[in-house]
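Fold and contact review
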Amino acid sequence: MLAGAVPVSAHAALTGSDPQQGSVVQEAPSQISLTFSEKVATSDGSMRVYDPKGKQVDTGDVADLGGNSYGVKLRPGQPDGTFTVTYQVVSADSHPVSGAFTFSVGAPSKTTVPVPGQEAGGGVVGGLYGFARYLSYAGFILLVGGAAFVLACWQRGAGVRPVQRLVVSGWLTLAVATLAMLLLRGSYTGSGKLGDVFDLDLLSDVLQTKTGAALISRLLLLAAAALFIAVLFGAYARQGEEDDEENIEESEGGEAGEEGVEEDVVREADGTESDGTERGGTERGGTETDRPEGAVSEDDDELSDADDGSYQRDLTFGLAIGGGVVATGLAASWAMAEHASTGLQAGLAMPLDILHLLAVAAWLGGLATLLVALFRAPSDAQIETTAVRRFSRVAFGSVLVLTATGIYQSWRQVGTWSALTGTSYGQLLLVKIGLVAVLVGIAWISRRWTTQLAEAPAATEKDRGTATGEGAEDGAGAADEGVEDGAGASAGAVGDGASAGAVGDGGRDDPERAAQLARQRVAVATAREKRLRDADPGRRGLRRSVLAEAGVAVVLLAVTTALTSTEPGRTVEEAKAANAAVAPDTQSGALALDMSFDTGGRNGKGVVRLEIDPARVGANEMHVYVQGPDGKAYDIPEVKVAFTLEAKDIGPLPVVPDHIATGHWTADGVQIPMAGDWNIEVTVRTSDIDQVTVSKNAKIG
C-alpha cells in the first residue's frame with residue numbers, strides 16, 4: 001500500500017501528507033491534507049477517504065490550502081482502525097496523477113477498501129489519447145515542415161499534387177487528432193472509461209482547464225492554416241505555373257528565333273522577303289517604329305515580367321509571415337500546456353520549446369516533403385538540384401537549433417547524471433539522443449549525395465503530356481521503336497493501339513480493348529517517369545538515404561511522444577527524496593543521548609538521559625531520565641524537549657513528556673516528519689528560578 005503513494009504516469013509527485021502514510025494517530029483528524037511537488041488541478045472527488053469498512057467518510061469538497069497543499073474534511077465521529085486515502089489530480093503540465101495510502105486511528109486494523117488497479121491515464125482511453133498525441137505531432141510536422149519546404153526551398157512544389165496531398169494530410173491529421181484529444185481528455189484524466197468520451201459535462205470541465213484552452217486555440221489556428229493552404233496551393237501555385245509556361249514559351253521562342261535568323265540570312269542573299277517583296281524597314285521607306293497594330297514591344301514584355309516577379313515575391317513574403325505566425329501559435333499550444341509551462345525557468349523554457357518544435361518541423365517535415373518529391377513528383381516537375389541543396393542548408397540550421405534547445409531542455413528536465421541513467425525519462429532521453437545521432441549520420445550521407453546531383457531535365461510539352469496521359473501515344477510509339485524481336489511485338493501493340501486505337505472505331509466498339517489500351521498508356525507513362533527519375537545516379541542514392549532518414553524519424557517521433565508523457569527525471573529524484581524522508585525505516589534502532597546539566601542552584605547538577613525508539617520518521621516513543629551526580633534518579637519540577645531540523649528550517653517542535661515515576665518522564669507518538677541531522681534540546685528546571693537548556697545533535701531516520 002505504501003508503494004501506491006508514489007504517483008504514476010505523472011509529472012507531479014506526492015511529497016507529504018497529514019496524517020502521514022502508515023502513521024497511527026490517537027484521534028481521527030478533522031481534515032486530510034496532501035502536499036505535491038508542484039501545483040495540481042483538483043475537482044470535487046479528487047481526494048477520497050474511506051473508513052475500515054470501505055465507506056466514504058470525506059465531505060467531497062477539496063480545498064486549496066496554499067502552496068502545493070490540498071485538503072478534504074472528514075465527517076465527525078469516525079471509528080478506530082485503518083483508513084485509506086486515494087487521490088487523482090492533474091499536474092500543472094497536463095498529466096494525471098493518482099495514488100493511495102493508509103493511516104490508522106488508535107491501532108491498525110483490517111480494511112476492505114479496494115485500491116484502484118488501473119493507473120491514471122492508463123487503459124484503452126490512455127492508449128487512444130497517446131496515439132492521438134503521436135498523430136498530432138506528426139500532423140504538425142507534415143503541415144508546417146511541408147509548407148516551409150515549399151516556400152523556402154522549392155516554390156514550384158506548390159503546384160505538385162503529391163506535395164499538396166502531403167501538406168493537406170498533415171492539416172487533416174492534426175485537426176482530427178486535436179479533436180480526438182479534446183473528447184478523450186475528460187475520461188483520460190478522470191474515470192478512464194471509454195463511455196465517458198462523449199460526456200458533455202466532462203467536456204465542459206475540460207474546456208475550463210489550461211489544456212482544454214490550448215486544444216481549442218489549436219483548432220482555431222488550424223482554421224487560419226486552412227486559409228493559408230488555400231492561398232499557397234491556389235493563387236501562389238497558379239502564379240508559379242504561369243511563370244513555368246512563360247519560361248517554356250521563351251525557350252521554344254528562342255529556338256524558333258534561331259531558325260528565323262538562318263532564314264533571314266538566306267533572304268538577305270536573295271535581296272527579297274519570302275513573299276517576293278523588298279525588305280522593309282528604313283530601306284523601303286518605312287520607319288523603325290512601324291509595327292502591326294496590337295503588337296507588344298520588348299520593353300513592355302520586360303515591364304510585365306518585372307511586375308509578375310514583384311507580385312510573386314510579395315506573395316511569397318506575405319505567405320511566409322502569415323504561415324510563420326500560425327506555425328508559432330500551433331507550437332505554443334504545446335509549449336504553454338505541457339512540460340515547458342511548469343517547473344524551473346518556465347519563462348525561458350516556453351519560447352525555447354517553441355523554437356525546438358519549429359526546428360523539428362522544418363527538418364523532419366521538410367525531409368518528408370523531399371521524400372515525396374523524389375519518389376512521387378511527375379516527370380515534368382522533378383525537384384531541382386538547387387532546391388535540394390537549399391533544403392540541406394535549412395536542415396543544417398534546424399539541427400543546430402535543435403541541439404542548443406535540446407541541451408537546455410534536457411538539463412531542465414533531468415538535472416543530474418543519476419537521473420539520466422536511473423529514471424525512465426533519462427533512459428528514453430538517451431534513446432532519443434542515439435536516434436538523433438543516427439539521423440544526423442544518415443543526413444551527412446544525404447548531404448554527400450546532394451553534392452553529386454545533376455540538374456533535373458528541363459520540362460517540355462511532351463513531358464507535360466506524358467505526365468497527364470495526353471502524350472501516351474508518343475510514349476507508346478517510342479517504346480515500340482526501342483524494343484526489338486519478341487518484346488517489340490508487345491510494345492508495338494501499345495504504340496499502334498495508343499496512336500490509332502485510342503481514338504479509332506476499334507477502341508470505341510471494344511470496351512475491353514479500350515480499357516487495355518488505357519492501362520498500357522498508364523504503364524508507358526509510369527515507365528517513362530521512372531526512367532527519368534533513375535537517369536541520375538545521384539538522385540538514386542539520395543532517395544535511398546532520405547528514405548532511411550524518414551524511417552528513423554518515424555521511430556524518433558514515437559520516442560519523443562513517449563517522452564512527453566513520462567515523468568521528468570528531476571521530478572522523480574525529488575519525489576524519491578521526499579518519500580525517503582517520510583518513509584518508515586525499519587532498520588533504525590533506539591537512540592540514547594546523555595547530556596550533563598547545571599542550573600546553578602541547589603541540587604542543580606545532574607545528567608539527563610533521552611531515549612527515542614525506534615528513532616525513525618513517523619511516530620516514536622520517548623523516555624527522559626534524570627539522575628543526580630551520584631547516579632540516583634530524582635525528581636525535578638519540569639522537563640521539556642524540542643526537536644529542530646535546521647537544514648530544512650523545521651522546528652523547534654516542542655514535546656512535553658508526562659511524569660510517570662521518580663526521575664522518569666515519557667511521551668508516546670512523538671512525530672519526526674523528516675529524516676536528517678536533528679538538534680535535540682532538553683530544558684531542565686530544578687526550582688522556580690533555576691533552569692538550563694542543553695542540546696545535542698543526532699541523526700534520526
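Owing to the predicted nature of the structure, the values given are computational and were not obtained by experimental measurement.

On a plain count of helices and strands, the protein comes out with 16 helices and 18 strands. Every one of the 701 residues in the protein was classed for burial, and the buried ones make up 45%. In the protein, the proportion of contacts linking residues at least 24 apart, taken out of those at least 6 apart, comes to 70%. For the protein, the accessible area works out to roughly 34,800 Å², and carbon and sulfur atoms hold 56% of it.

Our focus in this paragraph is the layout of surface pockets. If you add up the space inside the second largest pocket, you get close to 980 Å³. Looking at the second largest pocket, it is lined by 39 residues, and the ones nearest its centre are His356, Gly406, Ser410, Leu429 and Lys432. Sorting the residues of the lining of the second largest pocket by element identifies helix 1 (123-152), helix 6 (346-376), helix 7 (385-414), helix 8 (417-422), helix 9 (424-451) and helix 15 (537-564) as the ones contributing at least two each. Looking at which element gives the most residues to the lining of the second largest pocket, the answer is helix 7, with 10 residues. Here the lining of the second largest pocket is composed, by residue class, of 25 nonpolar, 11 polar and three charged.

Let us look at the confidence of the model for the protein. Regions with low pLDDT carry predicted coordinates that are not meant to be interpreted in detail. For the protein, the average pLDDT comes to 77, and 75% of its residues sit at 70 or higher. Per-element averaging of pLDDT across the protein places helix 12 (residues 485-501) at the bottom with 40 and helix 2 (residues 161-189) at the top with 93. Ignoring residues within four places in sequence, the model shows residues 271-289, a span with pLDDT below 50, making 14 contacts including any to other chains. Predicted confidence for residues 457-507 stays below pLDDT 50, and this span has 60 contacts to residues more than four positions away or in other chains.

With that settled, consider the side chain of Gln164. The residue Gln164 is located in helix 2 in this model. In this structure Gln164 comes out as buried when scored by relative accessible area, which is 14%. Among the polar contacts listed, one links the side chain of Gln164 to the backbone oxygen of Ala158, at a separation of 2.6 Å. Non-local contacts of Gln164, meaning those with residues more than four positions away in its chain, are made with Ala158, Gly159, Phe233 and Ala237.

All right, on to the pattern of salt bridges then. Enumeration over the complete set of coordinates arrives at seven salt bridges. The salt bridge involving Lys39 is made with Asp64; its shortest N-O contact spans 3.3 Å. Of this pair, Lys39 sits in the loop between strand 3 (31-36) and strand 4 (40-41) while Asp64 sits in strand 6 (residues 58-66), placing them 25 residues apart in sequence. Classification of Lys39 by relative accessible area gives partly exposed; the value is 40%. For Asp688, the salt bridge identified is with Arg685, shortest N-O distance 3.8 Å. Through salt bridges with shared partners, a single network forms among Asp594, Arg609 and Glu611.

Pro19 follows Asp18 through a cis peptide bond whose omega is 0 degrees. Considering the arrangement of structural elements, one finds Pro19 in the loop between strand 1 (14-18) and strand 2 (24-25). The omega angle of the peptide bond from Asp613 to Pro614 is 10 degrees, so this bond is cis rather than trans. Examined against the element boundaries, Pro614 turns out to sit in the loop between strand 11 (605-613) and strand 12 (618-627). With a phi angle near 55 degrees, Asn603 is a residue other than glycine that sits in the positive phi range. Tracing the sequence through the fold places Asn603 in the loop between strand 10 (591-598) and strand 11. The backbone of Ala615 sits at a positive phi, close to 60 degrees, despite the residue not being glycine. You can call Ala615 buried: its relative accessible area is 5%.

Scanning the model with the defined rule gives two cavities of 30 Å³ or more in all. Along the walls of the largest cavity sit 13 residues, with Met181, Thr211, Arg218, Ala337 and Glu338 positioned nearest its centre. Counting only elements with at least two residues in the lining of the largest cavity, the list comes to helix 1, helix 2, helix 4 (210-270) and helix 5 (298-335). Its residues placed into classes, the lining of the largest cavity shows six nonpolar, three polar and four charged.

Spatially, four strands are ordered 1-3-7-6 in an open sheet, and the strand pairing comes out antiparallel. The sheet terminates laterally at strand 1 and strand 6, the two strands that pair on one side only. Strand-to-strand, the axes of this sheet are offset by a mean angle of 20 degrees, without reference to chain direction. When strand 1 meets strand 3, the two strands line up antiparallel, connected through four bridges. Note that in strand 3 the partner of Gly16 across the bridge is Thr35.

A few words now on the packing of aromatic side chains. Each aromatic ring pair is described using two quantities: the centre-to-centre distance and the angle formed by the ring planes. Counting across every chain of the model gives eight aromatic pairs. Ring plane angle 55 degrees and centroid distance 6.2 Å describe the contact between Phe36 and Tyr70, whose orientation is recorded as tilted. With Phe36 in strand 3 and Tyr70 in strand 7 (residues 69-74), this pair connects stretches of sequence that are 34 residues apart. For Phe36, a relative accessible area of 3% corresponds to the buried category. Judged by centre distance (4.0 Å) and plane angle (10 degrees), the ring pair of Tyr129 and Tyr188 falls under stacked. Taken together, the residues span a long stretch of sequence, with Tyr129 in helix 1 and Tyr188 in helix 2 at a distance of 59 residues. Comparing Tyr129 with Tyr188, the two get one shared label, buried. One aromatic cluster in this structure is built from Phe36, Tyr70 and Tyr87. Across from the ring centre of Trp334, 3.9 Å away, lies the NZ or CZ of Arg218, which sits over that ring.

The rules behind these values
- Residues numbered from 1 in each chain as written.
- Predicted model: local features only at pLDDT ≥ 70, side-chain atom pairs only at ≥ 80, totals over all residues.
- Heavy atoms only, no water.
- Helix = DSSP H or I, 4+ residues; strand = E, 2+ residues; numbered from the N terminus.
- Buried < 20%, exposed > 50% of the residue type's maximum accessible area, 1.4 Å probe, protein only.
- Contact = heavy atoms within 4.5 Å.
- Areas by Shrake-Rupley, 256 points an atom, 1.4 Å probe, with all protein chains shown as cover.
- 1 Å grid on protein atoms, 1.4 Å probe; cavity = no way out; pocket = protein on both sides within 12 Å on 5 of 7 lines; lining within 4 Å.
- Points joined across faces, edges and corners; volume = space filled by probe spheres on them.
- Nonpolar A, V, L, I, M, F, W, Y, C, P; charged D, E, K, R; others polar.
- pLDDT = per-residue confidence, 0-100.
- Polar contact = N/O pair within 3.5 Å; in protein donor to acceptor, adjacent residues only side chain to side chain.
- Salt bridge = Lys/Arg side-chain N within 4 Å of Asp/Glu carboxyl O.
- Pairing = 2+ DSSP bridges.
- Axes fitted to C-alpha atoms, helices over the stretch in contact; angles between N-to-C directions.
- Phe/Tyr/Trp six-rings, centres within 6.5 Å; stacked < 30°, edge-to-face > 60°.
- Lys NZ or Arg CZ within 6 Å of the ring centre and 35° of its normal.

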